[in-house]
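Summary of the model geometry
Here is how the chains run, residue by residue.
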Amino acid sequence: MFCCLKNCLNGVLPAQAVHIKKSSNPVQLDTAHMGHEVVIIKNGLRACGTGGVLANAPLVQSKSYFEVKLQQSGHWSVGLATPNADLNQNVGGQDKDSWCLTSNHLVLHGGDIMHRLVDSSPTPTDTTGAVDPSASDRSVELMTPASAPVFPAPSSLGTGPGHGSGVPQEGDTIGVAYDHVELNFYLNGRNLNVPVLNVRGAVHPCLFVDDGAILDIVLENFSYGPPAGFERILIEQSLL
């Protein structure tokens, strides 16, 4: 836990004291709706530790968009959740109140696999040309049932660190777009084509972290920009 906090705070605050300032944007991660072992810093924009956290504003406008920067790898989940979601779990999408893309390349809801991304990077081989059975992407294949729907990710995904693999990696940016009909995920500006339907309730952006993962939520000044017609999250008062 100490190592996670050290990395999480690195470059953000002096070691002697932690001072939390209000962000100029009223939307931020909500310390009143987070797991017991989650740490929120960087003016309410960075999550580390273990568990989930919601943003403090529900998605009430017709087309909302936000981004999440994968600052440090580990186990993470990104998506939407209602205030009833269990934020003490270390993986999102395990209950009926959360819909998440996870670091295992799965889209989960209610503990069910809705979609599965496939790593499109070349499979490591030995000097004889044989496939290396210890390749890291085998773990995804082994942990998911053969019946899970497979969605090969695009082979070219912008200019982020993971653009050649088609699955999120450390340093990448995940975009999340929601229009009350579909929830869609983007990787470095390119649609992953894993739409999620039947999202129910008053949903908020949610992040889940574990095993050293550090996530930054980006609510304005986006790296890749929202899809056509979508915009940053607006609080309810500003819609009146």
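Structural data are supplied above this passage.
Heads up: these notes are all about the structure in this document. (Residues numbered from 1 in each chain as written. Predicted model: local features only at pLDDT ≥ 70, side-chain atom pairs only at ≥ 80, totals over all residues. Heavy atoms only, no water.)

For the rest of this paragraph, the subject is the overall build of the protein chain. When helices and strands are counted, the protein chain shows 2 helices and 16 strands. Split into buried and exposed, the 240 residues of the protein chain put 47% on the buried side. Contacts spanning at least 24 positions in sequence make up 65% of the contacts within the protein chain whose residues lie at least 6 apart. (Helix = DSSP H or I, 4+ residues; strand = E, 2+ residues; numbered from the N terminus. Buried < 20%, exposed > 50% of the residue type's maximum accessible area, 1.4 Å probe, protein only. Contact = heavy atoms within 4.5 Å.)

A side chain with one charge can pair with a side chain of the opposite charge if their charged atoms come near. Here the structure, examined in full by the defined rule, presents 3 salt bridges. The residue Asp216 makes a salt bridge to Lys42 at a minimum N-O spacing of 3.1 Å. Of the two residues, Asp216 is situated in strand β15 (residues 214–218) and Lys42 in the loop between β2 (37–41) and β3 (46–55); the sequence distance between them amounts to 174 residues. Classification of Asp216 as buried rests on a relative accessible area of 4%. Assessed through its relative accessible area of 35%, Lys42 is described here as partly exposed. Between Asp97 and Lys96 there is a salt bridge, with the nearest N and O atoms lying 3.5 Å from each other. Overall, the relative accessible area of 12% leaves Asp97 in the buried class. (Salt bridge = Lys/Arg side-chain N within 4 Å of Asp/Glu carboxyl O.)

Okay, the layout of surface pockets next. Quantified by volume, the second largest pocket comes out at close to 180 Å³. Looking at the second largest pocket, it is lined by 12 residues, and the ones nearest its centre are Leu45, Ile217, Val218, Leu219 and Glu220. Sorting the residues of the lining of the second largest pocket by element identifies β4 (64–72) and β15 as the ones contributing at least two each. It is β15 that contributes the most residues to the lining of the second largest pocket, 3 residues altogether. (1 Å grid on protein atoms, 1.4 Å probe; cavity = no way out; pocket = protein on both sides within 12 Å on 5 of 7 lines; lining within 4 Å. Points joined across faces, edges and corners; volume = space filled by probe spheres on them.)

Bringing the nonpolar core into the picture now. Membership of the largest hydrophobic core comes to 37 residues, with the highest contact counts inside it found for Leu80, Leu183, Phe185 and Leu207. Judged by nonpolar contacts, the second largest core, of 7 residues, contains Ala85, Leu87, Cys100 and Phe208. (Core = buried A, V, L, I, M, F, W, Y, C linked by side-chain atoms within 4.5 Å.)

All right, on to the packing of aromatic side chains then. All chains considered together, the criterion is met by 1 aromatic pair. Measuring from ring centre to ring centre gives 5.0 Å for Tyr65 and Phe222, while their planes differ by 80°; the resulting arrangement is edge-to-face. Taken as a pair, Tyr65 in strand β4 and Phe222 in the loop between β15 and β16 (231–232) lie far apart in primary sequence, 157 residues in all. Residue class for Tyr65 comes out buried when judged on its relative accessible area of 2%. (Phe/Tyr/Trp six-rings, centres within 6.5 Å; stacked < 30°, edge-to-face > 60°.)

Of note, His115 is situated in strand β8 (residues 112–118). You can call His115 buried: its relative accessible area is 10%. A polar contact is formed between the side chain of His115 and the backbone oxygen of Pro195, at a distance of 2.7 Å. (Polar contact = N/O pair within 3.5 Å; in protein donor to acceptor, adjacent residues only side chain to side chain.)

So, on to the environment of Asn90. For Asn90, the location among the structural elements is in the loop between β5 (75–81) and β6 (98–102). The spatial distance from the C-alpha of Asn90 to the C-alpha of Glu37 is 9.8 Å, given a sequence separation of 53 residues. Apart from the residues within four sequence positions on either side, Asn90 is in contact with Thr50, Phe208, Val209 and Asp210. Within polar-contact distance, the side chain of Asn90 engages the side chain of Asp210 at 2.9 Å.

The element β6 is extensively covered by neighbouring structure, given that 5 of its 5 residues are classed as buried. Because side chains alternate across β6, one face comprises the buried residues Ser98, Cys100 and Thr102, and the other comprises Trp99 and Leu101, equally buried. In the sheet, β6 pairs with strand β7 (residues 106–109) via 3 bridges, with the strands oriented antiparallel. Across the sheet, residue Leu101 finds its bridge partner in β7, namely Val107. Hairpin geometry of β6 and β7 is characterised by an intervening segment of 3 residues between the two adjacent antiparallel strands and by a positive phi of about 70° at His105. (Pairing = 2+ DSSP bridges.)

Such coordinate-based values are descriptive only and should not be taken to indicate function.
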